[in-house]
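Working through the structure, step by step
In case you want the letters, here they are:
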Amino acid sequence: MWLFRIISSFLGIRKKEDLSNDLKNLSFIRIILLFITLNIVFISIVLIITSLLI
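Cut-off values and rules
- Residues numbered from 1 in each chain as written.
- Predicted model: local features only at pLDDT ≥ 70, side-chain atom pairs only at ≥ 80, totals over all residues.
- Heavy atoms only, no water.
- Helix = DSSP H or I, 4+ residues; strand = E, 2+ residues; numbered from the N terminus.
- Buried < 20%, exposed > 50% of the residue type's maximum accessible area, 1.4 Å probe, protein only.
- Areas by Shrake-Rupley, 256 points an atom, 1.4 Å probe, with all protein chains shown as cover.
- pLDDT = per-residue confidence, 0-100.
- Patch = residues over 30% accessible without salt bridge, like charges linked within 9 Å, V, L, I, M, F, W, Y side chains within 5 Å.
- Salt bridge = Lys/Arg side-chain N within 4 Å of Asp/Glu carboxyl O.

Check the secondary structure of the chain and you find 3 helices and 0 strands. Secondary structure elements of the chain occur, N-terminal to C-terminal, as α-α-α. Across the 54 residues in the chain, those meeting the buried criterion constitute 15%. If you sum the accessible surface of the chain, you get close to 4,700 Å²; carbon and sulfur atoms cover 74% of it.

Here is the structure:
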């Protein structure tokens, strides 16, 4: 659930205070998990777009 709150905060849907509270509760494991998740989503989008164009 924290992943969706952080993403929505970066998109401007939530308040600045909510984002700062969520970032205070991040641990090293969660940062790595967030990084891997964002990379997987980005790579998937690129692969889908390139497969549609080829």
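The next point concerns the confidence of the model for the chain. Any residue range with low pLDDT should be treated as having predicted coordinates unsuitable for detailed reading. Averaged over every residue, the pLDDT of the chain is 79; residues scoring 70 or more account for 72%. When pLDDT is averaged over each helix and strand of the chain, the minimum, 69, is found for helix 1 (residues 2-10) and the maximum, 90, for helix 3 (residues 28-53).

If you trace the backbone, Leu34 turns up in helix 3. Leu34 sits in the buried class, given a relative accessible area of 13%.

Further remarks concern a nonpolar patch on the surface. Together, Phe28, Ile29, Ile32, Phe35, Ile36 and Ile40 give the surface a local cluster of nonpolar side chains, amounting to about 660 Å² of exposed area. Examined against the element boundaries, Ile36 turns out to sit in helix 3. According to the relative accessible area criterion, Ile36 is partly exposed, its value standing at 41%.

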